[in-house]
Amino acid sequence: MTTADEQGRHPATTGHATPASDACSVLFDHDGTSAYGTAAAATFFVVVEQPGPWGRDAARESHLDVELAGELEARTTRAGGRFMLIRRPGGHPVHEGPRRVLLAHAGGPPDEAWLLVADLPHVGDLLGLDWAALARGNRALVEASLPGAREGEPTLLVCTNGRRDVCCAVRGRPLAAHAARRAPGRVWEVSHTGGHRFAPTAVLLPWGQTYARLDDVAAEWVLSASTTGHTPLELLGPTHDRGRSGLPAASQCAESFVREHLGETRLGALWAGPAEATDDGWEVIVTHTDRRRWRIGVTRRSAGLTRPESCGKKAVEVHEHAATLLEAWF
C-alpha cells in the first residue's frame, strides 16, 4: 500500500478523500461553524491555467515563470482582484501549448457580473490587459485588450492545493474530478480560495459566489443551477454559503442571511450595500431587484471554541458572523 508520505500528503490523512479525525475541516464540520462572511475578498479574478505541480505559493512555486507570475499577481492585487492558477482535474502532467485564461468581474451588482475566456499561446500576453478597465468592470475595454476573448460559461473552481492545506487535496481533488465528469470544461482545480477549514470549498465564476463543505451531489447542483444564474436552494444558509467575494465580510453575511430568509436562489436578485459600523458590529442594507429592502445587523462573535484553521497549525479562538433582521421595507 502507498503511504501518505509517498503520495506527498500530510501524515494526518488516512486515505484518498478520507481526512483524519483531527483534520481542520473535519473539526469545523463537527462543530457546524457558520461559513457566513468568509469568502475571500476580490472584485475581479485573473485566473491562469498552469499544469504540473504547485507549491504553497502556487504563483511562484510552479512551472510558470516566477517574474511573470509575480508581476501578474502584483497588478491584480493592486487593483483589488485575486490572481489564481488552475489546472484540469485528474492527473497533472506538464504540457506545452495555449493556456486557458479566465477573467471575471464580481465587484458590482451581481446581475452585472461577467466572465471572459481566452486561450493564450503566451501567458505574458496578459500584461497587455487594460487593468484599469478590469478594475472598473468595463467588459468591452477588457475584451478589446485580451486576444481571442469570448464569453465564458459559469465555471466552478475547486480548491485542491494540498501544499497550502492537506484538506483541500484530500477532499477537493476527488470532488473536482467528479464534477468535471458531469460538466466537462466548466470545472477546474484552483490554487487557493481561502478557508481550508471549510473544505471542499469552491468559487463560482462570474459571481464570486463561494461555497463551503461541498460534496459530489452539491457540486452537481451548483453546476446545474448556475446555467440559469441560480444557486441551489439546498445550499442556502450558513453551512454552505460563504458569501460573494465582491463584498466585505459583514455585507456578505447580511446578503447570505436575507437570501436564506427568502429562499432566493437567483444570484443577481440581491445586492448588499456597504457595512456601517455600530457599537457592537455593523448594519447593512440589502436590496432586492423588486425594490424590497432589509436592514440587517451583523456581529462577529466568539463560537466558544479553539480550533486550528489549517491542518498542522496552532488552535485559535473561532469566531463567526451572525445576522439579525432589524427592519424591512416592502
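Analysis parameters
- Residue numbers restart at each chain and count upward from 1, following the sequence in its written direction.
- Predicted model: local features are reported for residues with pLDDT of at least 70 only, side-chain atom pairs are reported and counted for 80 or more only, and whole-chain, interface and lining totals are derived from all residues.
- Side-chain numbers here rest on the full set of heavy atoms in the structure, without hydrogens or water.
- Lines are fitted to the C-alpha atoms to define the axes, a helix being fitted only along its stretch in contact, and any angle between axes, read from their N-to-C directions, falls within 0 to 180 degrees.
- Helical segments are the DSSP runs of H or I of at least four residues, strand segments are the runs of E of at least two, and each set is numbered from the N terminus.
- To sort the angles, those under 35 degrees are grouped as roughly parallel, those over 145 as roughly antiparallel, those from 65 to 115 as roughly perpendicular, and the leftovers as oblique.
- Take the far helix as the reference: if the near one is turned anticlockwise from it by less than a right angle, the crossing is left-handed, and if turned clockwise, right-handed.
- The criterion used for residue contact is that any of the two residues' heavy atoms lie within 4.5 Å.
- The pairing test for Phe, Tyr and Trp rings, Trp by its six-membered ring, is centres within 6.5 Å, and the orientation test on the planes gives stacked under 30 degrees, edge-to-face over 60, and tilted for anything in between.
- Buried, partly exposed and exposed residues are distinguished by accessible area as a fraction of the type maximum, computed with a 1.4 Å probe on protein chains only: under 20%, between the cut-offs, and over 50%, respectively.
- For a lysine, the NZ atom is tested; for an arginine, the CZ atom; a charge sits over a ring if that atom is within 6 Å of the ring centre and within 35 degrees of the ring normal.
- Two cysteine sulfurs form what is called a disulfide whenever their separation falls within 2.5 Å.

A. Structural view of the packing of helix 5 (residues 166–182) against helix 6 (residues 216–226). The contact between helix 5 and helix 6 brings their axes to 9 Å, and the two run at 45°. Regarding the angle of helix 5 to helix 6, the classification is oblique. The handedness of the crossing between helix 5 and helix 6 is right-handed. Contact with helix 5, carried on its side by P174, L175, H178, A179 and R182, involves D216, A219, E220 and L223 of helix 6 and no other residues of that element.

B. Representation of the packing of aromatic side chains within the structure. What the rule picks out here adds up to 2 aromatic pairs. With a centroid separation of 6.0 Å and 75° between ring planes, the pair formed by F28 and F198 is classed as edge-to-face. Placement of the pair is F28 in helix 1 (residues 24–31) and F198 in the loop between strand 7 (187–190) and strand 8 (202–205), with a sequence separation of 170 residues. Assigned by exposure class, F28 and F198 land together as buried. Judged by centre distance (6.1 Å) and plane angle (85°), the rings of W294 and F330 are edge-to-face. With W294 in strand 14 (residues 293–307) and F330 in the segment after strand 15 (316–329), the pair connects residues that are 36 residues apart, well separated along the chain. Residue classification places F330 among the exposed residues on the basis of a relative accessible area of 76%. Just above the ring of W54 sits the side chain of R87; from NZ or CZ to the centre is 3.7 Å.

C. Spotlight on the state of the cysteines. Evaluation of the coordinates by the stated rule reveals 0 disulfides. Just so you know, C159 is unpaired, no disulfide at all, and the nearest cysteine sulfur is the one on C168, 3.7 Å from it. Looking at C159, the relative accessible area reads 2%, which means it is buried.

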